[in-house]
Structure formats: C-alpha cells, structure tokens
Amino acid sequence: ASGYAAPAPQAPVLPGWKHVYSGKVRDLYIPADAADAASAEQLLMVASDRISAYDWVLDSEIPDKGKVLTGLSLWWFDHLADVIGNHVISSDVPEAVRGRGLIVKNLSMFPVECVARGYLTGSGMSDYRATGSVCGIQLPAGLVEADRLEPPIFTPATKAELGEHDENVSFDAVAKTVGTETAEKLRDLTVEIYQRAEQIARERGIILADTKFEFGTLPDGAIVLGDEVLTPDSSRFWDAEGYEAGKTQSSFDKQFVRDWLTQESGWDKGSDTPPPALPAEVIEKTRARYIEAFEKLTGETFPG
Ligand code: ATP
Ligand code: MG
C-alpha cells in the first residue's frame, strides 16, 4: 500500500493560458479565452521537472527532465509520422516553459491506456504468475521475468482515478467501451507502433520493454496519437547490454532514485509516509541518465 502525494500545485502562471489540470508530472492549460477544457480547440501540455517513484511525487525535481521528455516525444512523433498522425501543433510556447511545453490539438481521447508489451515484467508478470495470462491473452507456460514476448501483446488498461493504479483489462472490455471495430484499430495500431519503436530503440542499444500510448480522434474522426510517447515516464527502457532474462532489469531512468529510496534513505516504501528529498548526488546522476536516454535514442546532443 503506497501513498500518493497530491500533485504539486506549482504549475507556472503563463500569459495567454489558463491552468486547468495537473497530473503527477504534467500541467495542462487551455487558451485564456476558451470557456472550458471541453470546448477548447488547443491545449498547452507542459512537462515539469517533477519525478515520481512508487506512486509518490518526490519533493525533489530533476533539472531538465521536462525538456528531455518533451524533446523525446517530439522526436518519436516525427519518426512515427508515416505510421500514425499525432496531436502536435507547435512548440512555440511561453518563454517560461520553452522546451517543456507543446501546443496540441484538443482530441477526444479514448478512455483506454493502450499498452504494448514485448517483454514480460511489472503488472504483466504479476498477472501471468497469478493466471498464466495477461489481459485475457494466454501465454506459454514457464516464462520468466523479462522474457521476450513474440509477437508483442496488447494489454490495455483503464485510466485509474487520481491515486489509484491503472487496471489491466481484457480486449473484450475495451470492445465494450469503444466498440469492436475501434478496439481492433487501437490494438493493431498499438502493436504496430510498438514494433516500429522497439526496432528503432534496439538499433540504438536500448530495449523498449513496454510502452503506453493514448489515442484520440480529430473532429473528422481520424485516430491520432495524443499525450506523450515513448518517454521514460510512459515506457520501460532497459540497457540492451546488460539484458538477461530471468532477473529484474535495471530501469534506465529511475534506478538511482529507487535504489537510494529503498536501500539507503531509511524510508519504508510500504508505509504511508512520503519519501524524503533526494540528495544532490542522486539528483545529478538521475539527470545524467535522462539525458543519456535522450542522446542514445535520438543520436543528438541534448540541447540543454
Ligand atoms: P498521471 O499521468 O500523472 O498518472 P494524468 O494522466 O491524469 O496522471 P497527465 O498525464 O499529466 O496526468 O495529464 C495529461 C492528460 O491530458 C491526460 O488525461 C491525457 O489523457 C490528456 N491528453 C493528452 N493529450 C491530449 C490531447 N491532445 N487532447 C486532450 N487530452 C489530452
Ligand atoms: Mg498521464
């Protein structure tokens, strides 16, 4: 039973925009002259430098994390453009959030977290241990932690209320919510985009173990990608070099944070006490790790 720290209410005030919502990491705005989020044509999505671990938003921020996440999302949107459209309008945002903010089309979002898994870990592994299947998909017996799944599987989840964990659901449950035809489209797109991204990441020494997409529709009905894509916050990246099935892989981004919290800080992850602030060294190492992920994947130098 882990706790949940309320989203830090430090969303910056931005000229021309009205703050409407903060998730654990991102702040959402609508144009100042829009009546409400439902009728706004555009949104401003800002990735903060906040970091969460074990479902807590930590007191410490990781400098440049928001820029890394936004830069990566943009890079992936570009590299996937021949497979799927996306919600991006522009990165010309107010000075205070430059590099971290994106102006996007306000989509009608499907209420489904579209997860693809090419490796078995996390909640997929837990479900497999309990039932031999994940989201209603029967898997072969004898699979071990971090085993590759070939072909990758679509393991949708429903968006949880604030503070709850997302819940894995079956394909049939998605079909009941959005209709069979749309559910099939979302499934096929999710797996196709995952396979493309997995291949791109692999060529760069990174294993994309699993990832979550959120799709929505444009006014003309076209399905496009929304939210962030293929970032360390929405995906599990593993270092291809140290990969070995049968053991827990270290996560590319938050390993220093998790290790310090559970092994050195004295904090009890099972308690309802918020975790302590991170030491400067852990912050710096984590920042370097995010930047390394950006540079390895994109092959570009992080603009800073
Ligand atoms: P958390 O991710 O912290 O668990 P969250 O998903 O509620 O919580 P964010 O991810 O910060 O918080 O919020 C982004 C919200 O904006 C999500 O609800 C997402 O579905 C929605 N969203 C993303 N892109 C679009 C878009 N183009 N149009 C409309 N809504 C969008
Ligand atoms: Mg989210």
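Residues numbered from 1 in each chain as written. Chains lettered and ligands numbered in written order. Predicted model: local features only at pLDDT ≥ 70, side-chain atom pairs only at ≥ 80, totals over all residues. Heavy atoms only, no water.

### Here we look at the site of ligand 1
Phase 1 of the analysis: Around ligand 1 sit 16 residues, and of these Tyr21, Lys24, Arg26, His87 and Glu214 come closest.
Phase 2 of the analysis: In this structure, a nitrogen atom belonging to ligand 1 sits 2.8 Å away from a side-chain N or O atom of His87.
Phase 3 of the analysis: Here an oxygen atom of ligand 1 and a side-chain polar atom of Lys159 are 3.2 Å apart. (Near = heavy atom within 4 Å. Polar contact = N/O pair within 3.5 Å; in protein donor to acceptor, adjacent residues only side chain to side chain.)

### A word on the nonpolar core
Phase 1 of the analysis: The biggest cluster of nonpolar side chains holds 61 residues, and the ones touching the most others in it are Trp76, Ile193, Phe215, Leu225 and Leu278.
Phase 2 of the analysis: Here this core gets nine residues from one element, more than from any other, and that element is helix 4 (residues 180-203).
Phase 3 of the analysis: Leave out the neighbours within four places in its chain, and Trp76 touches Ala197, Ile200, Ala201, Val229, Leu230 and Leu297. (Core = buried A, V, L, I, M, F, W, Y, C linked by side-chain atoms within 4.5 Å. Buried < 20%, exposed > 50% of the residue type's maximum accessible area, 1.4 Å probe, protein only. Helix = DSSP H or I, 4+ residues; strand = E, 2+ residues; numbered from the N terminus. Contact = heavy atoms within 4.5 Å.)

### Observations regarding the state of the cysteines
What we call a disulfide is simply a covalent bond connecting the sulfur atoms of a pair of cysteines.
Phase 1 of the analysis: Counted by the stated rule, this structure contains zero disulfides.
Phase 2 of the analysis: Residue Cys114 stays outside any disulfide, its sulfur separated by 11 Å from that of Cys135, the closest cysteine.
Phase 3 of the analysis: A relative accessible area of 11% places Cys135 in the buried class. (Disulfide = S-S within 2.5 Å.)

### Structural notes on the packing of aromatic side chains
Phase 1 of the analysis: Considering all chains together, one arrives at seven aromatic pairs under this definition.
Phase 2 of the analysis: Judged by centre distance (6.1 Å) and plane angle (15 degrees), the rings of Trp238 and Tyr243 are stacked.
Phase 3 of the analysis: An aromatic cluster of at least three residues, connected via ring pairs, comprises Tyr119, Trp238 and Tyr243.
Phase 4 of the analysis: Looking at Arg289, its charged tip hangs above the ring of Phe252, at a distance of 4.1 Å from the centre. (Phe/Tyr/Trp six-rings, centres within 6.5 Å; stacked < 30°, edge-to-face > 60°. Lys NZ or Arg CZ within 6 Å of the ring centre and 35° of its normal.)

### Thoughts on empty space enclosed by the protein
With a probe scaled to a water molecule rolled over the atoms, the places where space remains empty come into view.
Phase 1 of the analysis: Going through the model one piece at a time under the given rule, you end up with one cavity of 30 Å³ or more.
Phase 2 of the analysis: Surrounding the largest cavity, Arg26, Met45, Val46, Ala47, Leu69, Thr70, Ser73, Arg100, Gly101, Leu102 and Glu228 form its lining.
Phase 3 of the analysis: At the level of elements, strand 3 (42-47), helix 1 (65-79) and strand 7 (101-105) are the ones that each hand at least two residues to the lining of the largest cavity.
Phase 4 of the analysis: Across the lining of the largest cavity, the residue classes break down as five nonpolar, three polar and three charged. (1 Å grid on protein atoms, 1.4 Å probe; cavity = no way out; pocket = protein on both sides within 12 Å on 5 of 7 lines; lining within 4 Å. Points joined across faces, edges and corners; volume = space filled by probe spheres on them. Nonpolar A, V, L, I, M, F, W, Y, C, P; charged D, E, K, R; others polar.)

### Looking at the sheet that holds strand 1 (residues 17-22)
The pairing of strands in a sheet happens through backbone hydrogen bonds and is either parallel or antiparallel.
Phase 1 of the analysis: A sheet is described by the order of its strands in space; here five strands give the open sequence 1-2-3-7-6, paired in antiparallel fashion. Bordering the open sheet on either side are strand 1 and strand 6 (88-90), each of which pairs with just one other strand. Averaged over all neighbouring strand pairs, the angle between strand axes comes to 35 degrees, with direction disregarded.
Phase 2 of the analysis: The pairing of strand 3 with strand 7 spans five bridges and is antiparallel. Its bridge partner being in strand 7, Leu44 is matched across the sheet by Ile103.
Phase 3 of the analysis: The sheet strands contacting helix 1 are strand 3, strand 6 and strand 7, and the helix crosses strand 7 at an angle near 40 degrees. (Pairing = 2+ DSSP bridges. Axes fitted to C-alpha atoms, helices over the stretch in contact; angles between N-to-C directions.)

### Points about unusual backbone geometry
Phase 1 of the analysis: The omega torsion across Glu150 and Pro151 is 0 degrees, close enough to zero to call that bond cis.
Phase 2 of the analysis: Mapped onto the fold, Pro151 is located in strand 12 (residues 148-154).
Phase 3 of the analysis: The backbone of Tyr54 sits at a positive phi, close to 50 degrees, despite the residue not being glycine.
Phase 4 of the analysis: Relative to the helices and strands, Tyr54 resides in the loop between strand 4 (50-53) and strand 5 (56-61).
Phase 5 of the analysis: Even without being a glycine, Cys135 presents a positive backbone phi close to 50 degrees.
Phase 6 of the analysis: Examined against the element boundaries, Cys135 turns out to sit in the loop between strand 10 (133-134) and strand 11 (137-138).

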